Amino acid sequence: MSGKRNHFEPPYLYGGEIDTHFHATKLAERGLETEEVLTAAFGSGLRACIDVGLAEDDIETRHTLLDDYPGVYFAHGLYPSNAARSDLRDAMDTLRSSYDRQRVCAVGEIGVDRQRDYGTSDQQRRLFAEQIELANELRLPVIVHNREAERDILDVLASHAPRRESVMHCYSGPAEMVSRFLDFGFSISFGGNVTFKNAAALRQALDLVPIDRLLLETDAPFLAPHPRRGRPNYPGLIGYTYRAVAEHRQLNPSELIATVTSNAKRVFGLEL
Ligand SMILES: [Zn+2]
């Protein structure tokens, strides 16, 4: 028990931070209780967070778990791992009916992952494209997962560009690709890995993002920021990432918080 308590001390928040990407249903798998971590995070000054879906069958569970937290927003989508399913039509129907729930602000997490065996590139690209079109119909932004798939992603975007300003989540692509995504109207979101000592290449990418196109996230329970690297992550730890990014970009933390908040409000239409 005492080891678990340690996760919450000290939650390094200035106050007012937004975590634009976490996965509530995965917290339990890493030994964290959603209610406990969210109460701690909001109690320490977290302003809002976006719980991002991975499949149509997590939607009910997540709303049941989180609807009572006014600071929690939702994205619903089919992660690339769904690409080879034989029941995709049913999954898309269920997904399509989920966007009139309260505080749903995006379609995600969608994209292409070439590191894992998630079905063929064609299957992944088709599912990605279809969900961009759904987002366009609904006038919502998309939250894009890209793992070693810049080429596939850019190919799909060329014929299925999001109409709303959208998000490259947990950016891990090459720095030279940042401008390509900016040109498609994306904001670029960085996770805890941007704080890692060996992440110089990622910080080069960070340098290329105009401040008004920058978002920050935990991707909790994964990728806890330095100095919590390797331990379970939760939205209250987003402060470490704000601190590291403010230092690196030589910004006043409160200026960074205000800017990321206004970016998140614009991109996701958050009513804060
Ligand atoms: Zn994610």
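Residues numbered from 1 in each chain as written. Predicted model: local features only at pLDDT ≥ 70, side-chain atom pairs only at ≥ 80, totals over all residues. Heavy atoms only, no water.

Core analysis: the largest hydrophobic core is formed by 85 residues, its most contacted members being Phe 128, Tyr 171, Phe 181, Phe 190, Leu 216 and Phe 268. If we ignore the near neighbours within four places in the chain, the residues touching Tyr 171 are Met 177, Val 178, Phe 181, Ile 188, Ser 189, Phe 190, Asn 193, Leu 202 and Ala 205. (Core = buried A, V, L, I, M, F, W, Y, C linked by side-chain atoms within 4.5 Å. Buried < 20%, exposed > 50% of the residue type's maximum accessible area, 1.4 Å probe, protein only. Contact = heavy atoms within 4.5 Å.)

This brings us to the coordination of the zinc ion. Taken together, the protein donors to the zinc ion comprise His 21 (NE2), His 23 (NE2), Glu 109 (OE) and Asp 219 (OD), at separations of 2.1 to 2.5 Å. Here the zinc ion is ringed by four donor atoms whose angles at the metal span 86 to 176°, and the overall shape comes out irregular. All donors to the zinc ion come from one chain, and their sequence spacing reads H-x1-H-x85-E-x109-D. On the criterion of sequence distance, the pair formed by His 23 in the loop between strand S1 (18-22) and helix H2 (24-27) and Glu 109 in strand S4 (residues 104-113) is long-range, its members being 86 residues apart. (Donors = N, O, S within 2.8 Å, 3.2 Å for Na, K, Ca; no water. Tetrahedral: all angles 85-135°; square planar, octahedral: opposite > 155°, others 65-115°. Helix = DSSP H or I, 4+ residues; strand = E, 2+ residues; numbered from the N terminus.)

Let us look at helix H10 (residues 238-248). Each α-helix winds once per 3.6 residues, and so residues spaced three or four apart point in a common direction. Looking at H10, one finds that the buried residues are Ile 238, Gly 239, Tyr 240, Thr 241, Tyr 242, Val 245 and Ala 246. On its buried face, H10 is in contact with S1, strand S7 (186-190), helix H9 (200-207), strand S8 (214-216) and helix H11 (253-268). At the exit of H10 stands Gln 250, carrying a positive phi of roughly 55°.

Now for helix H7 (residues 150-159). Along H7, the residues classified as buried are Glu 150, Asp 152, Ile 153, Leu 154, Val 156 and Leu 157. Buried-residue contacts for H7 involve S4, helix H6 (121-138), strand S5 (142-147), helix H8 (178-183) and S7.

This model, assessed by the stated rule, comprises 13 salt bridges. Across the pair Glu 56 and Arg 85 runs a salt bridge, and its minimum N-O distance is 2.9 Å. With Glu 56 in the loop between strand S2 (48-52) and helix H4 (59-66) and Arg 85 in the loop between strand S3 (72-76) and helix H5 (88-96), this residue pair connects regions lying 29 residues apart in the sequence. Classification of Arg 85 by relative accessible area gives partly exposed; the value is 25%. In this structure, Glu 165 engages Arg 266 in a salt bridge whose closest nitrogen and oxygen atoms are separated by 2.7 Å. Of this pair, Glu 165 sits in the loop between H7 and strand S6 (166-168) while Arg 266 is found in helix H11, placing the two residues 101 residues apart along the sequence. Here Glu 165 falls in the partly exposed class, since its relative accessible area comes to 22%. Each of Arg 114, Arg 125, Asp 152 and Asp 155 takes part in one network of salt bridges that share partners. (Salt bridge = Lys/Arg side-chain N within 4 Å of Asp/Glu carboxyl O.)

Among the five residues in S2, five count as buried, and that is most of the element. Burial along S2 is two-sided: the residues Ala 48, Ile 50 and Val 52 and Cys 49 and Asp 51 are all buried. Pairing of S1 with S2 involves three bridges; the strand directions are parallel. Bridge assignment links Asp 19 to a residue of S2, and that residue is Cys 49. (Pairing = 2+ DSSP bridges.)

It is worth spelling out the packing of H5 against H6 at this point. Packing of H5 against H6 brings their axes to within 12 Å, and their N-to-C directions diverge by 25°. Here H6 runs roughly parallel to H5, going by the angle between their axes. In the crossing of H5 with H6, the sense of the turn from one axis to the other is right-handed. Counting all contacts with H5, which are made through Leu 88, Arg 89, Met 92, Leu 95 and Arg 96, the residues of H6 involved are Leu 127, Glu 130, Gln 131, Leu 134 and Glu 137. Looking at the contact of H5 with H6 residue by residue, the classes come out as five nonpolar, one polar and four charged. (Axes fitted to C-alpha atoms, helices over the stretch in contact; angles between N-to-C directions. Parallel < 35°, antiparallel > 145°, perpendicular 65-115°, else oblique. Left-handed = near helix turned anticlockwise from the far one by under 90°. Nonpolar A, V, L, I, M, F, W, Y, C, P; charged D, E, K, R; others polar.)

Take the packing of aromatic side chains next. Taken as a whole and judged by the stated rule, the model has seven aromatic pairs. Centroid distance Phe 181 to Phe 186: 6.3 Å. Interplanar angle 75°. Geometry classified as edge-to-face. Owing to a relative accessible area of 0%, Phe 181 belongs among the buried residues under this scheme. Under the relative-accessibility criterion, Phe 186 is labelled buried at 0%. Among the aromatic residues, those joined into a cluster by ring pairs are Tyr 171, Phe 181, Phe 186 and Phe 190. The ring of Tyr 12 carries Arg 243 above its face, with NZ or CZ at 4.0 Å from the centroid. (Phe/Tyr/Trp six-rings, centres within 6.5 Å; stacked < 30°, edge-to-face > 60°. Lys NZ or Arg CZ within 6 Å of the ring centre and 35° of its normal.)

Turning our eyes to something else, we now look at unusual backbone geometry. The omega angle of the peptide bond from Ala 220 to Pro 221 is 10°, so this bond is cis rather than trans. When you line up the elements, Pro 221 lands in the loop between S8 and H10. Positioned with a positive phi, Arg 139 is a non-glycine residue whose angle comes to about 55°. As for its position among the elements, Arg 139 is in the loop between H6 and S5. At Asp 219, a position not held by glycine, the phi torsion is positive, near 55°. Structurally, Asp 219 is set in the loop between S8 and H10.

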